[in-house]
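A closer look at the structure
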Amino acid sequence: MRTGPCPACGSYQRPAPPQPLAAALSLTRTLTPRELAVFQLLGFGYDNRSIARELKISERTVKRYVTAILTKLELRSRLQAGLSALILSWSAAADAQWPEGLMDSALTAGDDVPAHDRGGDHDL
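To start, this report covers the structure provided alongside it. Owing to the predicted nature of the structure, the values given are computational and were not obtained by experimental measurement.

We now examine the packing of helix H3 (residues 48-55) against helix H4 (residues 59-72). At their nearest, the axes of H3 and H4 sit 8 Å apart, and the two run at 105° to each other. When the axes of H3 and H4 are compared, the pair comes out roughly perpendicular. Contacts from Asn48, Arg49, Ile51 and Ala52 in H3 reach Glu59, Val62, Lys63 and Val66 in H4. When grouped by side-chain class, the residues that make up the contact of H3 with H4 number four nonpolar, one polar and three charged.

Now the structure itself:
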């Protein structure tokens, strides 16, 4: 977050989020808890395999969740969903909208590393 004025306009206010993001913010309430978990992991840049390992579900199930997320949030791509999740997690406006304790049970401290980077079984 900036501490000084905007270099473009001199304003100290945060700019409004782009339209697709603003719409996605209000629509996040339509996601199920599991879809929210997948959505947040998309924001961390996880691929389907890593999401599946992290949440202990199949890759096919992850694909279904990603499709549901894109449909519910009216987004066009996985990249848009990931960027929206990342921006929403950083946004002060999202604090009021984002369900409290979203990933308390799914993630613990230090779990921002994809599953394939932690060791264990490797399929590469």
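Membership of the largest hydrophobic core comes to 22 residues, with the highest contact counts inside it found for Val38, Phe39, Leu42, Ile51, Leu55 and Ile69. If you list the elements that add at least two residues to this core, you get helix H2 (33-43), H3, H4 and helix H5 (78-90). At six residues, H2 tops the list of elements feeding residues into this core. Those residues in contact with Leu42 that lie beyond four places of it in its chain are Ile51, Val66, Ile69, Arg78, Ala81 and Gly82.

For the structure on display, the rule yields two salt bridges. Between Lys72 and Glu35 there is a salt bridge, and its shortest N-O distance comes to 2.8 Å. With a gap of 37 residues between them, Lys72 in helix H4 and Glu35 in helix H2 connect regions that are remote in the sequence.

In terms of burial, H3 is a largely internal element, six of the eight residues being buried. When H3 is considered as a whole, its buried residues turn out to be Asn48, Ser50, Ile51, Ala52, Glu54 and Leu55. On its buried face, H3 sits against H2, H4 and H5. Looking one or two residues beyond H3, the residue adopting positive phi is Lys56, at roughly 55°.

Bringing unusual backbone geometry into the picture now. At Lys56, a position not held by glycine, the phi torsion is positive, near 55°. Following the sequence through the fold, Lys56 ends up in the loop between H3 and H4. If you check the backbone angles, Glu74 has positive phi at about 55° while not being a glycine. In this fold, Glu74 is placed in the loop between H4 and H5. Among the residues examined, Glu74 registers a relative accessible area of 60% and is labelled exposed.

Within the structure shown, the criterion is met by one aromatic pair. Plain terms: the ring middles of Phe44 and Tyr46 are 6.3 Å apart, the flat faces sit at 45° to each other, and that makes the pair tilted. For Phe44, a relative accessible area of 37% puts it in the partly exposed group.

Checked against the element boundaries, Leu25 lands in helix H1 (residues 19-27). Separated by 63 residues in sequence, Leu25 and Leu88 have C-alpha atoms that sit 7.1 Å apart.

Calculation criteria
Residues numbered from 1 in each chain as written. Predicted model: local features only at pLDDT ≥ 70, side-chain atom pairs only at ≥ 80, totals over all residues. Heavy atoms only, no water. Axes fitted to C-alpha atoms, helices over the stretch in contact; angles between N-to-C directions. Helix = DSSP H or I, 4+ residues; strand = E, 2+ residues; numbered from the N terminus. Parallel < 35°, antiparallel > 145°, perpendicular 65-115°, else oblique. Contact = heavy atoms within 4.5 Å. Nonpolar A, V, L, I, M, F, W, Y, C, P; charged D, E, K, R; others polar. Core = buried A, V, L, I, M, F, W, Y, C linked by side-chain atoms within 4.5 Å. Buried < 20%, exposed > 50% of the residue type's maximum accessible area, 1.4 Å probe, protein only. Salt bridge = Lys/Arg side-chain N within 4 Å of Asp/Glu carboxyl O. Phe/Tyr/Trp six-rings, centres within 6.5 Å; stacked < 30°, edge-to-face > 60°.

Taken by themselves, the reported measurements are silent on function.
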